[in-house]
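What follows is each chain in one-letter form.
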Amino acid sequence: GDISIKIAALNVNTIGIDQSKNYIQKAKKHAERLQLPCRFYKANAYSYVCVEPVDAAFNWFTSFGYSENDIDNLKMLRNVYKSIKENGLFLLDYYNPAYIFQNFIPNQIIEKHLPNGCKLIINKTSTIDFYKGMFLSTWEYFLPNNERKVTKGASRFYFAHDLKKMLLLCKFKNIMFVGDVYDNPF
């Protein structure tokens, strides 16, 4: 929702999807309050295809590769391809495994200051499963009310040549890899 709202503020019709009902509700309320041209849907990227093709699509915050099954991840890319117009643009924010391997941080303590003045402490523990080709993370949240919550995440890592093969299988053309949003070299 955060990115969609900013794009819609430029007077661009925007569609946002997410699996989280809470994120979708929050984004809808924010867009309505600002009277922006946005629509938001609770959906799964493994099955969602836009009813009417769009000019561009983006998948941000490394929310690709959650399945260790390449067929599932390929299905998501195919749905994106079906969702955009011919010669449409697709931007994919994705891990650079070589960078992560070289700069791997197995444990991080993150402190977030909340708007109400409280502090949230997060202990992120990461491992690499080379057999499955996955980055694995455990997020342990220490909430201001002394409650503790734990979530786990996993992301399949692909090298550029593997990702390019997948995109070509989906019929994407003119595939480019860049190092960041500022177009620095990969």
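Please refer to the structure higher up on the page.
Now for a look at the structure at hand.

Definitions and limits used
- Numbering of residues starts from 1 in each chain and follows the order in which that chain's sequence is written.
- Note on the predicted model: pLDDT of at least 70 is required for a residue's local features to be given, and 80 or more for side-chain atom pairs to be given and counted; whole-chain, interface and lining totals, by contrast, use all residues.
- Side-chain descriptors were evaluated using all non-hydrogen atoms of the structure, hydrogens and water having been removed beforehand.
- We call a set of buried Ala, Val, Leu, Ile, Met, Phe, Trp, Tyr and Cys residues a nonpolar core when their side-chain atoms join them within 4.5 Å.
- The buried label applies to any residue whose accessible area, calculated with a 1.4 Å probe on protein chains only, is under 20% of its type's maximum; exposed applies above 50%, and partly exposed to all values in between.
- To qualify as a helix, a DSSP run of H or I must reach at least 4 residues; to qualify as a strand, a run of E must reach at least 2; elements of each kind are numbered from the N terminus.
- The criterion used for residue contact is that any of the two residues' heavy atoms lie within 4.5 Å.
- Think of a polar contact as two N or O atoms within 3.5 Å of one another; within protein, one of them needs to be a possible hydrogen donor and the other a possible acceptor, and neighboring residues in sequence only count if both atoms come from side chains.
- A helix is expected to reach a length of 1.5 Å times the quantity of its residues less one.
- Here a strand pair is declared whenever DSSP counts at least two bridges between the two strands.
- Every angle, taken between N-to-C directions, lies between 0 and 180 degrees, and every axis is a line fitted to C-alpha atoms, over only the stretch in contact when it is a helix.
- Small angles under 35 degrees read as roughly parallel and large ones over 145 as roughly antiparallel, with 65 to 115 read as roughly perpendicular and the rest as oblique.
- We call a crossing left-handed when the near helix sits turned anticlockwise from the far one by less than a right angle, and right-handed when that turn is clockwise.
- For this classification, the nonpolar set comprises Ala, Val, Leu, Ile, Met, Phe, Trp, Tyr, Cys and Pro, the charged set comprises Asp, Glu, Lys and Arg, and every other residue, Gly included, is treated as polar.
- For this analysis, a salt bridge means a side-chain nitrogen from Lys or Arg found within 4 Å of a carboxyl oxygen belonging to Asp or Glu.

## Regarding the nonpolar core
Consideration 1: The biggest cluster of nonpolar side chains holds 20 residues, and the ones touching the most others in it are F64, L77, F90 and F172.
Consideration 2: Mapped onto this core, the elements with two or more residues apiece are β3 (54-59), α3 (70-83), β4 (84-92) and α5 (160-169).
Consideration 3: Here this core gets 4 residues from one element, more than from any other, and that element is α3.
Consideration 4: Those residues in contact with F90 that lie beyond four places of it in its chain are A57, F58, N59, L77, V80, I84, L167 and F172.

## Brief notes about the side chain of S83
Consideration 1: Among the structural elements, S83 can be located in helix α3.
Consideration 2: There is a polar contact of 2.8 Å between the side chain of S83 and the backbone oxygen of N79.
Consideration 3: Contacts of S83, omitting those with residues within four sequence positions, involve Y48, V49, C50, E52, P53 and V54.

## Regarding α3
Consideration 1: With 14 residues, α3 ought to run about 20 Å at 1.5 Å a step, and its terminal C-alpha atoms sit 20 Å apart, in line with that.
Consideration 2: Within the span of α3, buried status applies to N73, L74, M76, L77, N79, V80 and S83.
Consideration 3: Residues of α3 that are buried in the fold lie against β3, β4, β8 (148-156) and α5.

## Focus: the sheet that holds β8
Consideration 1: Overall, antiparallel pairing links the 4 strands, which are arranged β5-β6-β7-β8 in an open sheet. The sheet terminates laterally at β5 (107-113) and β8, the two strands that pair on one side only. Averaged over all pairs of adjacent strands, the angle between strand axes in this sheet comes to 20°, irrespective of strand direction.
Consideration 2: Bridge count for strand β6 (residues 119-129) against strand β7 (residues 134-142) is 9 bridges, and the pairing is antiparallel.

## Here we look at the packing of α3 against α5
Consideration 1: Following both chains from N to C, one finds α3 and α5 inclined at 55°, their axes separated by 9 Å at the closest point. Between α3 and α5, the angle falls in the class oblique. For the pair α3 and α5, the crossing hand works out as right-handed. Together, D70, N73, L74, L77 and R78 of α3 and M166, L167 and L169 of α5 make up the contact between the two elements.
Consideration 2: Among the residues making up the contact of α3 with α5, the classes are represented as 5 nonpolar, 1 polar and 2 charged.

## A short note on the pattern of salt bridges
Consideration 1: Taken as a whole and judged by the stated rule, the model has 6 salt bridges.
Consideration 2: As a salt-bridge pair, K132 and E68 come within 3.8 Å of each other at their nearest N and O atoms. Within this pair, whereas K132 is found in the loop between β6 and β7, its partner E68 is found in the loop between β3 and α3, the two being separated by 64 residues in sequence.
Consideration 3: With a relative accessible area of 43%, K132 lands in the partly exposed category.
Consideration 4: Among the residues examined, E68 registers a relative accessible area of 45% and is labelled partly exposed.
Consideration 5: R156 serves as the salt-bridge partner of D70, at 3.0 Å between the closest nitrogen and oxygen. With a gap of 86 residues between them, D70 in helix α3 and R156 in strand β8 connect regions that are remote in the sequence.
Consideration 6: A residue is classified by how much of its surface remains accessible, and D70, at 34% relative accessible area, is partly exposed.
Consideration 7: By relative accessible area, which is 15% here, R156 ends up buried.

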